[in-house]
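What follows is the residue order along each chain.
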Amino acid sequence: MKALVYKSKQHVSIEDVPDPRIEDANDVVVKLTTSGICGSDLHMYEGRSPVEAGLVFGHENMGIVDAVGSSVKTIAKGDRVVLPFNIGCGFCFNCTRGYSSACLTVNPESAGGGYGYSGLGPFPGGQAEYLRVPFADYNCLKLPGTPGDEFEDDFLLLSDIFPTGFHATELAKVGVGDTVAIFGAGPVGLLAALSAKIKGASEIYVVDSIPERLQKAESVGAIGVDVANGDPVEQILELRKKHVRDVQNLRPGAGDKMPGVMCGIDAIGYEAKSDDKPGRDNVGHQRGTQALENLIELVNPTGHIGIIGVYFPQDPGGKSQDEKNGIYPISIGMAWNKGITIGMGQAPVKKYNVYLRDLIIAGKAKPSFIVSHRIPLAEAPDAYEKFDKRSEGYTKVLIKPQLHSN
Ligand SMILES: [Zn+2]
Ligand SMILES: [Zn+2]
């Protein structure tokens, strides 16, 4: 079959690789109809997470079951399924508690496995024509309808970005009536905004430097905050003033001492830029904890922060030796003083995907508003190049392996 293969830094190509087959009685093989390119694929593409040449990328996968292992009970040939990017076994200590993101049996190297990703075990990805899915009964989420229907792209986003955005709101403990600030309006930040809206948040602020992304945030009911217009924390405090004066002051003491938000989400991670030199093209230099620092300042006492943007324990692109080892200074004193809780880490997709699927089917969520491009597999290397350069409008690219380029 054809697949997108990593060659070297900023070099991927479409090559013939062996067809996946049933290797274990619990496997299925899926013929892929859509596979996403993810911002986190760029970390490998850019050489910022170590990856071996020959790896097939792609952890956001859906399609039609093509072959079924003899022990698989609930999944049949012809079923339409979407796969969580994390591979779980379903029976280990962590999977049984809902933490499929830290499965203890699928990856011999550490807790947690996934498709086509460095450090997540020996599983080729799905930017290809076919994919082997281990522990199929546990990992496949069945979908109604037929390939290419009105929900195809919404369902694909159940593999990672929608549950990941939702998980960010869980980490930040977003609930009914809450005030929320999200730093980063990439796909995850935007779907965190959608999730906060679904949960009934009263105010949602989304910070970014790209006007088109801010418009998308506003299309789901958030208030866009453009860093080109100055310090985002000050902008949000200013925007909140009227509410603090007219409504929040009805709660004794909640005026001056609670001017910020209750829930903050870092949807940028270690690629954050400092805000000391605002401007659309170059929003400062890289400062891995910029979004987190802003949130520690902005979040009210007793509030919550969710860090969904990625930080790596090893980063060859780090400036200092500490950064290369994933060590960053943060204002822990202020965070402690405010009693802020901070949650972080990969989303356990399986915990949420069934509910989010049902919201899509019920017409209550349409996450595919973030998708910018739909391309055949042959055009994927070019899309990586453009996505990596953050070329105009490249927000979310979906590969359609059954589509053929002219
Ligand atoms: Zn992803
Ligand atoms: Zn497990």
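No experiment lies behind these values; they were computed from the predicted model shown. (Residues numbered from 1 in each chain as written. Chains lettered and ligands numbered in written order. Predicted model: local features only at pLDDT ≥ 70, side-chain atom pairs only at ≥ 80, totals over all residues. Heavy atoms only, no water.)

Trainee: Mind showing me how you'd approach the coordination of the zinc ion (ligand 1) here?
Mentor: Under perfect tetrahedral coordination by four donors, a metal shows angles of 109.5 degrees; under perfect octahedral coordination by six donors, it shows angles of 90 or 180 degrees. Taken together, Cys-38 (SG), His-59 (NE2), Glu-60 (OE) and Asp-160 (OD) make up the protein donors of the zinc ion (ligand 1), found 1.8 to 2.2 Å from the metal. Viewed at the metal, the four donor atoms of the zinc ion (ligand 1) are separated by angles of 95 to 130 degrees, and the geometry they form is tetrahedral. Here the donor residues of the zinc ion (ligand 1) share one chain and are spaced in sequence as C-x20-H-E-x99-D. Placement of the pair is His-59 in the loop between helix 1 (39–45) and strand 4 (60–68) and Asp-160 in the loop between helix 4 (152–156) and helix 5 (161–171), with a sequence separation of 101 residues. For the pair His-59 and Asp-160, a shared accessibility class is recorded, and that class is buried. (Donors = N, O, S within 2.8 Å, 3.2 Å for Na, K, Ca; no water. Tetrahedral: all angles 85-135°; square planar, octahedral: opposite > 155°, others 65-115°. Helix = DSSP H or I, 4+ residues; strand = E, 2+ residues; numbered from the N terminus. Buried < 20%, exposed > 50% of the residue type's maximum accessible area, 1.4 Å probe, protein only.)

Trainee: Just to check I follow, could you spell out the sheet that holds strand 12 (residues 223–226) for this structure?
Mentor: Each strand in a sheet pairs with another by means of backbone hydrogen bonds, the pair being arranged parallel or else antiparallel. The six strands are arranged 12-11-10-13-14-15 in an open sheet whose pairing can be described as parallel. Two strands close off the open sheet at either side, each with one partner strand: strand 12 and strand 15 (341–344). With strand direction ignored, the average angle separating the axes of adjacent strands in the sheet is 20 degrees. With four bridges joining them, strand 14 (residues 299–307) and strand 15 adopt parallel strand pairing. Its bridge partner being in strand 15, Ile-307 is matched across the sheet by Met-344. Most of the contacts of helix 7 (residues 211–219) go to strand 12, to which it runs at about 160 degrees, and overall it touches strand 11 (203–208) and strand 12. (Pairing = 2+ DSSP bridges. Axes fitted to C-alpha atoms, helices over the stretch in contact; angles between N-to-C directions. Contact = heavy atoms within 4.5 Å.)

Trainee: When you look at the coordination of the zinc ion (ligand 2) in this model, what are you seeing that I'm missing?
Mentor: Cys-89 (SG), Cys-92 (SG), Cys-95 (SG) and Cys-103 (SG) make up the full set of protein donors to the zinc ion (ligand 2), lying at 2.3 to 2.4 Å. One way to put it: the four donor atoms around the zinc ion (ligand 2) meet at angles of 101 to 118 degrees, and that makes the site tetrahedral. Look at where the donors of the zinc ion (ligand 2) fall in the sequence and you get C-x2-C-x2-C-x7-C. Residue classification places Cys-89 among the buried residues on the basis of a relative accessible area of 5%.

Trainee: How should helix 5 be read in this particular structure?
Mentor: In an α-helix, one turn spans 3.6 residues, which is why side chains three or four residues apart end up on the same side. The buried count for helix 5 comes to ten of eleven residues, which makes it a mostly enclosed element. Packing partners of the buried residues in helix 5 comprise strand 4, helix 6 (187–198), strand 13 (261–266), strand 14, strand 15 and helix 12 (350–361). Backbone geometry just after helix 5 places Lys-173 at a positive phi near 50 degrees.

Trainee: Help me understand the side chain of Asn-86, please; the structure alone is not making it clear to me.
Mentor: Summarising the element assignment, Asn-86 is placed in strand 6 (residues 86–87). Owing to a relative accessible area of 1%, Asn-86 belongs among the buried residues under this scheme. Within the local environment of Asn-86, its side chain forms a polar contact with the backbone nitrogen of Val-349, the two atoms lying 3.2 Å apart. Look past the residues within four positions of Asn-86 in its chain and what remains in contact with it is Ser-100, Ser-101, Gly-113, Gly-114, Asn-139, Gln-346, Ala-347, Pro-348, Val-349 and Lys-350. (Polar contact = N/O pair within 3.5 Å; in protein donor to acceptor, adjacent residues only side chain to side chain.)

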